[in-house]
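# Coordinate inspection notes
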Amino acid sequence: MRTLYRVDSSIQGDRSVTREISDTLERAWRAAVPDGKVIRRDLLTTPLSPARWTDALAARVTEERTPEQQRAVDLAAELADDLLGADAIVIGAPLYNWGPSGHIKCWIDMLWTDPRFAPQTYPLRGKPIALVAARGGGTSPGAPHEGWDHSMPYLLRTFGPDIFGGNVNLIETELTLAGHSPTMAHLRQQAAELRAQSHVLAEQIGTTLAKRAA
């Protein structure tokens, strides 16, 4: 049975654009793989504590692990198993304060502690991955905050061929706060168009991921 592993990290609940776009991608994947399985990890409802990461790191350099350290090691192994066992992966990653959310950063840090995700192991080599990104404003060329998105370079390098080895497809949606911010009212039409384009792209990529995972 083919499996799609979905990770959500937005704190916005029903207002989350990354969750909305990921829903579209998931529906397309399910349509292409009607007998497939979707496994979810919501980093908001089941957050990972930095203390767990500290315990997982400490466990690597001691011969007698504490119960807390062993639980952290077991959790890291579970997170790694989920990714390694999936045929395709979709990761919702909104921009917060110009960088990745603490939720997603801690998840990645935990993965690093599993031996299978050690440097130069490329554990996700060739695995199809969709990275669903959203930004409240604009950081694309020509925007006032051009170059301020420090999340995407980090995530693309982490999950791409340089580190984890995945085949990453990027879906970016900008100006997501235009519908709620009076100062961005003049950008609402553009924001709606960008959002619609992301839904179309998510549907296409969802189908593509299903084919690559076949």
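Refer to the structure above for everything that follows.
This structure is a prediction, so every number in the text was calculated from the model and none was measured.

## Quick notes on the overall build of the protein
Broken down by element type, the protein carries six helices and five strands. Helices and strands in the protein line up, N terminus first, as β-α-β-α-α-β-α-β-α-β-α. Counting only C-alpha atoms, the protein reaches 60 × 40 × 30 Å along its principal axes. Within the protein, the fraction of its 214 residues that count as buried is 46%. Considering only intrachain contacts with a sequence separation of at least 6, the fraction spanning at least 24 residues in the protein is 77%. When the accessible surface of the protein is split by element, carbon and sulfur atoms take 52% of a total near 10,700 Å². Distance between charge centroids for the protein: 3 Å, based on 23 positive and 25 negative side chains.

## A short note on the sheet that holds strand β4 (residues 128-134)
Across the sheet, which stays open at both edges, the five strands sit in the order β2-β1-β3-β4-β5 with parallel pairing between neighbours. The sheet is open, and its two edges are formed by β2 (37-42) and β5 (167-173), each paired on a single side. For this sheet, the mean inter-axis angle between neighbouring strands, taken without regard to orientation, is 15°. Note that β4 and β5 share seven bridges and pair parallel. Each residue of the ladder has a partner; that of leucine 131, found in β5, is leucine 170. Docked against the sheet, helix α1 (residues 17-32) engages β1 (3-8), β2, β3 (88-94), β4 and β5, running at close to 175° with respect to β1.

## A look at the pattern of salt bridges
On inspection of all chains with the given rule, the structure shows 18 salt bridges. A salt bridge links glutamate 78 to arginine 41, with the shortest nitrogen-to-oxygen separation between them at 3.0 Å. Taken as a pair, glutamate 78 in helix α3 (residues 67-85) and arginine 41 in strand β2 lie far apart in primary sequence, 37 residues in all. For glutamate 78, a relative accessible area of 40% translates into the label partly exposed. Across the salt bridge formed by aspartate 81 and arginine 116, the nearest N and O atoms sit 2.6 Å from each other. Highlighted residues: aspartate 81 in helix α3 and arginine 116 in the loop between α4 (102-113) and β4, separated in sequence by 35 residues. Using a relative accessible area of 34% as the deciding quantity, one classes arginine 116 as partly exposed.

## Re the pairing of β3
Most of β3 sits out of view: seven of its seven residues are buried. The alternating pattern of β3 places Ala88, Val90, Gly92 and Pro94 on one face and Ile89, Ile91 and Ala93 on the opposite face, and all of these are buried. By the bridge criterion, four bridges tie β1 to β3 in an arrangement that is parallel. By the bridge assignment, arginine 6 is partnered in β3 with valine 90. Strand direction decides the pairing type here: β3 and β4, joined by six bridges, are parallel. Paired with glycine 92 across the bridge in β4 is valine 132. As a crossover connection, the stretch from β3 through α4 into β4 is right-handed.

## Overview of the side chain of serine 22
Among the secondary structure elements, serine 22 is positioned in helix α1. If we ignore the near neighbours within four places in the chain, the residues touching serine 22 are Arg6, Asp8, Val90, Gly92 and Val132.

Reading the values: rules and limits
- Residues numbered from 1 in each chain as written.
- Predicted model: local features only at pLDDT ≥ 70, side-chain atom pairs only at ≥ 80, totals over all residues.
- Heavy atoms only, no water.
- Helix = DSSP H or I, 4+ residues; strand = E, 2+ residues; numbered from the N terminus.
- Buried < 20%, exposed > 50% of the residue type's maximum accessible area, 1.4 Å probe, protein only.
- Contact = heavy atoms within 4.5 Å.
- Areas by Shrake-Rupley, 256 points an atom, 1.4 Å probe, with all protein chains shown as cover.
- Lys, Arg positive; Asp, Glu negative; His and termini not counted.
- Charge placed at Lys NZ, Arg CZ, Asp CG, Glu CD.
- Pairing = 2+ DSSP bridges.
- Axes fitted to C-alpha atoms, helices over the stretch in contact; angles between N-to-C directions.
- Salt bridge = Lys/Arg side-chain N within 4 Å of Asp/Glu carboxyl O.
- Right-handed = clockwise from strand over helix to strand, strands pointing away.

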